[in-house]
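Residue-level structure breakdown
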Amino acid sequence: MVAYAGMSDKLPNLCYYNQQEYTFQKPYSETTAKLMDEEVLKMVNEQYQRAKQILSEHKDGHAQLAQMLVDREVIFADDVEKIFGKRPWQSRSEELLEAQMRAEAERMAEERAKELEAKKSEK
């Protein structure tokens, strides 16, 4: 990610990837390579600490979830929501379902409009 698109504090949003070839070549200096390595290491360490914090904060919930799995072997999304609560974001399946419902509603509205237009032209 850092080598292909920058995307860090010290490396701007530049592409360090050689787009002329299908192989990754190093069209930058050793100093830039070292900076990339440092930025990647920083990102990995930050996210590792974040993951540890999240796991620690939800330690009791994980214990409940583990016990539920031991007791029942199969759990559902509702079971997880009872323990951890609803997600603060939509799942991808919810996003897709919502988009599909919107598209279907738009299609039905267009069909109704065409039907009304056809009825008006018949008169």
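Residues numbered from 1 in each chain as written. Predicted model: local features only at pLDDT ≥ 70, side-chain atom pairs only at ≥ 80, totals over all residues. Heavy atoms only, no water.

1. As for the overall build of the chain
Looking only at helices and strands, the chain has five helices and zero strands in total. What you see in the chain, going N to C, is helices and strands ordered as α-α-α-α-α. Looking at the chain as a whole, 15% of its 123 residues are labelled buried. Put simply, the chain shows about 10,700 Å² of open surface, and 55% of that area lies on carbon and sulfur atoms. (Helix = DSSP H or I, 4+ residues; strand = E, 2+ residues; numbered from the N terminus. Buried < 20%, exposed > 50% of the residue type's maximum accessible area, 1.4 Å probe, protein only. Areas by Shrake-Rupley, 256 points an atom, 1.4 Å probe, with all protein chains shown as cover.)

2. Focus: the pattern of salt bridges
Taken as a whole and judged by the stated rule, the model has six salt bridges. The closest approach of N and O atoms between Lys86 and Glu81, which form a salt bridge, is 3.3 Å. By relative accessible area, Lys86 is classed as exposed at 62%. Glu81 gets classed as partly exposed once you look at its relative accessible area, which sits at 31%. Close ionic contact of Arg92 with Glu95 constitutes a salt bridge, the shortest N to O distance being 3.1 Å. (Salt bridge = Lys/Arg side-chain N within 4 Å of Asp/Glu carboxyl O.)

3. Some remarks on the confidence of the model for the chain
On average, residues of the chain carry a pLDDT of 84, and 80% of them reach 70 or more. Here helix 1 (residues 2–5) stands out as the element of the chain with the lowest mean pLDDT, 60, in contrast to helix 3 (residues 59–72), whose mean of 95 is the highest. (pLDDT = per-residue confidence, 0-100.)

4. Quick word on helix 3
End to end, helix 3 covers 20 Å across 14 residues, agreeing with the expected 20 Å (1.5 Å per residue, within 8%). By the burial criterion, the buried members of helix 3 are Gly61, Leu65 and Met68. Down the axis of helix 3, the sector holding all buried residues measures 60°, keeping them to one side. Of the residues in helix 3, the exposed ones pointing more than 90 degrees away from the buried face are Lys59, Asp60, Val70 and Asp71. Buried residues in helix 3 make contact with helix 4 (77–84). Looking one or two residues beyond helix 3, the residue adopting positive phi is Glu73, at roughly 70°. (Expected span 1.5 Å × (residues − 1). Arc of directions from axis to C-beta. Contact = heavy atoms within 4.5 Å.)

5. Topic: the environment of Leu65
As for its position among the elements, Leu65 is in helix 3. For Leu65, a relative accessible area of 18% translates into the label buried. Among all residues touching Leu65, those that are not within four sequence positions of it are Ile75, Val80, Ile83 and Phe84.

6. Some details on the packing of helix 3 against helix 4
At a minimum axis distance of 9 Å, the contact between helix 3 and helix 4 shows a crossing angle of 150°. Between helix 3 and helix 4, the angle is such that the two are roughly antiparallel. Helix-helix and strand crossings are classified by hand; for helix 3 and helix 4 the assignment is right-handed. Listed contacts from helix 4 to Gly61, His62, Gln64, Leu65, Met68 and Arg72 of helix 3 are Asp79, Val80, Ile83 and Phe84. Residue composition of the contact of helix 3 with helix 4, by class: five nonpolar, three polar and two charged. (Axes fitted to C-alpha atoms, helices over the stretch in contact; angles between N-to-C directions. Parallel < 35°, antiparallel > 145°, perpendicular 65-115°, else oblique. Left-handed = near helix turned anticlockwise from the far one by under 90°. Nonpolar A, V, L, I, M, F, W, Y, C, P; charged D, E, K, R; others polar.)

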